[in-house]
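# Close look at the chain arrangement
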Amino acid sequence: MKKKKVREKFVALKLLISIVYISIITILFVCSYRLYQDKKNITPWSEVESVEEYTYIDVYKMSEKFAYYKDTNVGIHFVIEKEDTGQWHTYLIAINENDYNKYKNIIDYTYDRIKEEPERIRVYGYPVIVPDTIKKLAIKNIKNFVPAENEIVITEDNYNEYLTNSYLDTTIKHKDEFSISLCITLLLLITVIVLFISTIFLKDEKHKKKVK
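Conventions used here
Residues numbered from 1 in each chain as written. Predicted model: local features only at pLDDT ≥ 70, side-chain atom pairs only at ≥ 80, totals over all residues. Heavy atoms only, no water. Helix = DSSP H or I, 4+ residues; strand = E, 2+ residues; numbered from the N terminus. Buried < 20%, exposed > 50% of the residue type's maximum accessible area, 1.4 Å probe, protein only. Lys, Arg positive; Asp, Glu negative; His and termini not counted. Salt bridge = Lys/Arg side-chain N within 4 Å of Asp/Glu carboxyl O. Polar contact = N/O pair within 3.5 Å; in protein donor to acceptor, adjacent residues only side chain to side chain. Contact = heavy atoms within 4.5 Å. Phe/Tyr/Trp six-rings, centres within 6.5 Å; stacked < 30°, edge-to-face > 60°. Lys NZ or Arg CZ within 6 Å of the ring centre and 35° of its normal. Core = buried A, V, L, I, M, F, W, Y, C linked by side-chain atoms within 4.5 Å. Pairing = 2+ DSSP bridges. Patch = residues over 30% accessible without salt bridge, like charges linked within 9 Å, V, L, I, M, F, W, Y side chains within 5 Å. Areas by Shrake-Rupley, 256 points an atom, 1.4 Å probe, with all protein chains shown as cover.

### Remarks on the side chain of aspartate 169
Mapped onto the secondary structure, aspartate 169 falls in strand S8 (residues 166-169). Of the side chains with opposite charge, lysine 173 comes closest to the buried, unpaired aspartate 169, at an N-O distance of 9.3 Å. Polar contacts involving the side chain of aspartate 169 include one to the side chain of threonine 171, which spans 2.4 Å. Look past the residues within four positions of aspartate 169 in its chain and what remains in contact with it is Ala94, Tyr124, Gly125, Tyr126 and Val128.

Have a look at this one:
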């Protein structure tokens, strides 16, 4: 009878510890998944707050280059991103001019060289703060891109309001940054799973020895 009671207590203790482990595993799994999703998420350009954020723009129209870094073959272009509501925004992007053909249809459509609207292109990259030289060229050339009826006079004072203080550099490759929070969470998850498995297969030999 005494053996039975000791065994029942041991089984009950194992069950309680197992429930605790399962709860911790569930919490850690959910945390790991959310941290992974946050790490994986790409921020839309309109929501970017830091030059460290990987971001994208859906290009609806695009200008020919108005500025050019000859040493790197990188050109700066105006682009328009159009919302489903019909509202549009003008931004700047930098592309490798070797990839010009990728954007040619959109550029041609922008200048009425073709009549059929091409599919929008989603471009990815990192924000780069606009240097004064590019800003001056953008102010000078934007009237050649934006339709006259929608043209807003851009000056140095209102530049950031309409064109933002940065351009999207598509030539910068995505950096797969190490997440210490995700790493620690995964290590804890693995540890708790090992402890949980050990608890399941734990035998009550010590308890048996104490029973007379």
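Past the structure itself, the notes keep going.
### Here we look at the packing of aromatic side chains
Inspection of every chain in the model, using the stated rule, returns six aromatic pairs. Taking 6.2 Å as the distance between ring centres and 70° as the angle between the ring planes, the aromatic pair formed by tryptophan 45 and tyrosine 91 counts as edge-to-face. In this pair, tryptophan 45 is assigned in the loop between strand S1 (43-44) and strand S2 (55-59) and tyrosine 91 in strand S6 (residues 88-96), connecting sequence segments 46 residues apart. In this structure tryptophan 45 comes out as buried when scored by relative accessible area, which is 6%. Between phenylalanine 78 and phenylalanine 145 the ring centres are 5.6 Å apart and the planes differ by 10°, which places this aromatic pair in the stacked class. Here the residue phenylalanine 78 occupies a position in strand S5 (residues 74-82), and phenylalanine 145 occupies one in the loop between helix H3 (132-141) and helix H4 (159-163), the gap between them amounting to 67 residues. Judged by its relative accessible area of 8%, phenylalanine 145 falls in the buried class. In textbook terms, an aromatic cluster arises when at least three aromatic residues are bridged by ring pairs, as seen for Tyr54, Tyr56, Tyr124 and Tyr126. Sitting over the ring of tyrosine 68, lysine 65 keeps its end group 5.4 Å from the ring centre. Taking NZ or CZ as reference, arginine 122 lies 3.9 Å from the ring centre of tyrosine 56, over its face.

### Focus on the nonpolar core
Formed by 20 residues in total, the largest nonpolar core has its most connected members in Phe66, Ile76, Phe78, Leu92, Ile134, Tyr159 and Leu163. Only S5, S6, H3 and H4 provide two or more residues apiece to this core. With four residues, the single largest contributor to this core is S5. Ignoring sequence-local partners within four residues, the contact set of phenylalanine 66 consists of Ile76, His77, Phe78, Leu92, Ile134, Leu137, Ala138 and Asn141.

### Focus on the pairing of S5
Counting buried residues in S5 gives eight out of nine residues, a clear majority hidden from the surface. Sheet topology places strand S3 (residues 61-62) next to S5; two bridges connect them, and they run antiparallel. Looking at the pairing, methionine 62 lines up with valine 79 of S5. Where strand S4 (residues 67-69) and S5 come together, three bridges link them in antiparallel fashion. Residue alanine 67 lies in a different strand from S5, and its bridge partner there is isoleucine 76. Hairpin connection, S4 to S5: the antiparallel pair is bridged by four residues, and asparagine 73 has positive phi, about 60°. Where S5 lies against S6, nine bridges are found, and the strand directions are antiparallel. Each residue of the ladder has a partner; that of histidine 77, found in S6, is isoleucine 93. Joining the antiparallel neighbours S5 and S6 is a turn of five residues, in which glycine 86 adopts a positive phi near 100°.

### Re a nonpolar patch on the surface
There is a patch of nonpolar side chains on the surface, built from Leu13, Leu16, Ile17, Val20 and Ile24 and spanning about 400 Å² of accessible area. Locating leucine 13 in the fold gives a position in helix H1 (residues 2-40).

### Some points on helix H2 (residues 100-110)
Regarding H2, the residues found buried are Tyr100, Tyr103, Ile106, Ile107, Asp108, Tyr109 and Thr110. Those residues of H2 hidden inside the fold are in contact with S2, S3, S5, S6 and strand S7 (121-129). Downstream of H2 by one or two residues, aspartate 112 has phi in the positive range, about 60°.

### Here's the deal with the environment of threonine 110
Looking at the element boundaries, threonine 110 is found in helix H2. Classification of threonine 110 as buried rests on a relative accessible area of 15%. C-alpha separation for the pair threonine 110 and lysine 61, spaced 49 residues apart in sequence, amounts to 5.4 Å. Those residues in contact with threonine 110 that sit more than four places away from it in its chain are Lys61, Met62 and Phe145.

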